[in-house]
Structure formats: structure tokens, C-alpha cells
Amino acid sequence: DAKTTQPPSMDCAEGRAANLPCNHSTISGNEYVYWYRQIHSQGPQYIIHGLKNNETNEMASLIITEDRKSSTLILPHATLRDTAVYYCIVRPLGSSGSARQLTFGSGTQLTVLP
Amino acid sequence: DGGITQSPKYLFRKEGQNVTLSCEQNLNHDAMYWYRQDPGQGLRLIYYSQIVNDFQKGDIAEGYSVSREKKESFPLTVTSAQKNPTAFYLCASSRWRAVMDTQYFGPGTRLTVL
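Residues numbered from 1 in each chain as written. Chains lettered and ligands numbered in written order. Predicted model: local features only at pLDDT ≥ 70, side-chain atom pairs only at ≥ 80, totals over all residues. Heavy atoms only, no water.

Draft legend 1. Structural detail: the interface of chain A and chain B. With 20 residues of chain A at the interface, the matching set in chain B holds 24 residues. Roughly 1,800 Å² of surface becomes buried between chain A and chain B when both sides are summed, with 51% attributable to carbon and sulfur atoms. The interface formed by chain A and chain B includes four residue pairs in polar contact (both at pLDDT 80 or more). For the side of chain A that touches chain B, the secondary-structure elements that each account for two or more residues are β3 (31–38), β4 (45–50) and β8 (84–92) of chain A. Broken down by element, the side of chain A that touches chain B gets its largest block of residues, four residues, from β3(A). Residue composition of the side of chain A that touches chain B, by class: nine nonpolar, nine polar and two charged. (Contact = heavy atoms within 4.5 Å. Buried area = accessible area lost by both parts, 1.4 Å probe. Polar contact = N/O pair within 3.5 Å; in protein donor to acceptor, adjacent residues only side chain to side chain. Helix = DSSP H or I, 4+ residues; strand = E, 2+ residues; numbered from the N terminus. Nonpolar A, V, L, I, M, F, W, Y, C, P; charged D, E, K, R; others polar.)

In C-alpha cells form, the structure reads like this:
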């Protein structure tokens with residue numbers, strides 16, 4: 001997986017939008033950007049993924065820059081339950097064998113404050 | 001509800017004992033995976049299975065064994081040969097033949113060797 005860089009921690013006030021950045025300057029043309037989060041002592045939860053267009057689902061929005069070298073995950077109205085470590089991952093399409101494994105970096109610890 | 005279940009949530013083992021961790025999914029996914037997570041670290045792939053009765057070693061398979069007799073089930077046995085088994089174990093599943101193979105995770109099993 002291509003290397004990603006995320007800030008180690010961020011705070012956000014409850015009810016405000018949380019914007020989590022990720023740099024992936026070495027991303028290849030066939031690699032998707034995935035976001036997962038992990039609440040303490042729980043399994044990782046899939047949030048969203050995208051290739052080059054902005055994406056939105058019931059959990060979040062993903063904004064990918066035109067050059068695809070960075071992206072931002074947006075939680076529009078953060079709640080206390082959104083406090084977690086957020087991981088940005090890039091993965092190629094059609095991986096085979098053990099290349100399908102997910103490689104999590106250190107992620108961003110998001111703390112939503114009351 | 002569709003999803004992945006793991007049991008037990010917490011498991012304690014004496015040195016020299018084998019233990020088996022359960023993973024079941026009702027998502028009709030072909031592929032299943034076992035990862036290990038140590039404190040403050042990312043995921044490491046132990047074993048994965050693309051199809052029933054077939055499985056492959058990941059990066060850290062030594063001291064572990066698996067079976068895949070049913071599509072829904074992928075149990076992991078931690079043997080006495082595993083030198084440092086205390087960790088958080090995560091099971092995941094995904095479609096295999098699809099180009100997009102988003103992995104979905106179970107809640108995890110925390111194993112402690114006494």
C-alpha cells in the first residue's frame with residue numbers, strides 16, 4: 001500500500017464538522033483511498049472509499065484533491081460517539097493474495113469534546 | 001442483521017495451551033481474514049481464505065492454524081508454539097471476485113496469556 005500521512009491527533013467540538021486530512025502523495029492511478037475508524041477496543045469500521053470523485057454516504061463525505069495527492073474525510077456533525085482513531089489507506093484495485101491485506105498506519109486520534 | 005461475529009470477547013489462556021477463536025459471518029462473503037493487533041500498532045495478517053477448504057499464510061502465520069470447512073466460519077487456533085500470543089485478534093471478510101473488496105471487521109477477541 002502507498003504511504004499515507006495523517007496528523008496524530010485532532011479535537012472537534014460536538015455538533016461541529018470534523019475535517020480529517022490525509023496526504024498520499026505517491027498514490028498510483030489505480031489506487032483507491034479508503035477510510036476506516038477504530039473505537040477503543042473494537043474492530044475497525046469501514047467508513048467510505050473513493051478514487052477521484054468526491055463521495056458521500058450516511059456516515060461521512062470524502063473530498064479528494066484533483067491531483068489525488070491528498071484527501072479529507074468530513075464528519076458533518078460530530079458526536080461523542082465519533083471519538084476514535086481514523087485510518088486513511090490507499091489500496092490498488094484487484095489486489096491478489098496477501099496483497100489484499102489492509103495496512104493501517106498510525107492514524108489520527110479524533111476526540112470530540114462536549 | 002448481517003455482520004461478523006467473534007467469540008469470545010475476552011479469552012485467558014495458560015502457557016502451553018491451545019485456544020480456538022471463533023469467527024462467523026452471514027454476509028455471504030467468499031474471503032475471510034485473521035489479523036493481529038498489538039497495542040498502538042497496526043494490523044498484521046495471520047491467515048486468509050479465498051474459498052472454502054482453501055487458506056493461505058499471511059505475514060505472521062507461525063504458531064497459528066486455521067480451517068475453512070464452511071463459507072460462514074473461519075476459526076483460528078493459537079497454538080502453544082506461538083511465542084507471544086497476547087494480542088487483540090480481528091476477523092474480517094470481503095467479497096473475493098469483485099474488484100472492490102472492502103473488508104468488514106468483527107468486534108475482536110482480546111487474548112491474554114497468563
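Draft legend 2. Structural view of the state of the cysteines. As enumerated under the stated definition, the model contains two disulfides over all chains in all. Note on cysteine connectivity: C22(A) is disulfide-linked to C88(A), with sulfurs 2.1 Å apart. Across the S-S bond linking C22(A) and C88(A), the dihedral sits near -80°, which makes this disulfide left-handed. With C22(A) in strand β2 (residues 18–23) and C88(A) in strand β8, this residue pair connects regions lying 66 residues apart in the sequence. Classification of C88(A) by relative accessible area gives buried; the value is 1%. Here C23(B) pairs with C91(B) through a disulfide, and the sulfurs are 1.9 Å apart. Linking C23(B) and C91(B), the disulfide has an S-S dihedral of approximately -75° and is accordingly described as left-handed. With C23(B) in strand β3 (residues 19–25) and C91(B) in strand β9 (residues 87–94), this residue pair connects regions lying 68 residues apart in the sequence. (Disulfide = S-S within 2.5 Å. Buried < 20%, exposed > 50% of the residue type's maximum accessible area, 1.4 Å probe, protein only.)

Draft legend 3. A look at the pairing of β3(A). Residue and element names in this part refer to chain A. Most of β3 is tucked away: eight of the eight residues are buried. Inspection of the sheet shows β3 paired to β8 by eight bridges, in the antiparallel sense. Across the sheet, residue W35 finds its bridge partner in β8, namely C88. For β3 and β4, the ladder comprises five bridges, and the chain directions are antiparallel. Looking at the pairing, W35 lines up with I48 of β4. (Pairing = 2+ DSSP bridges.)

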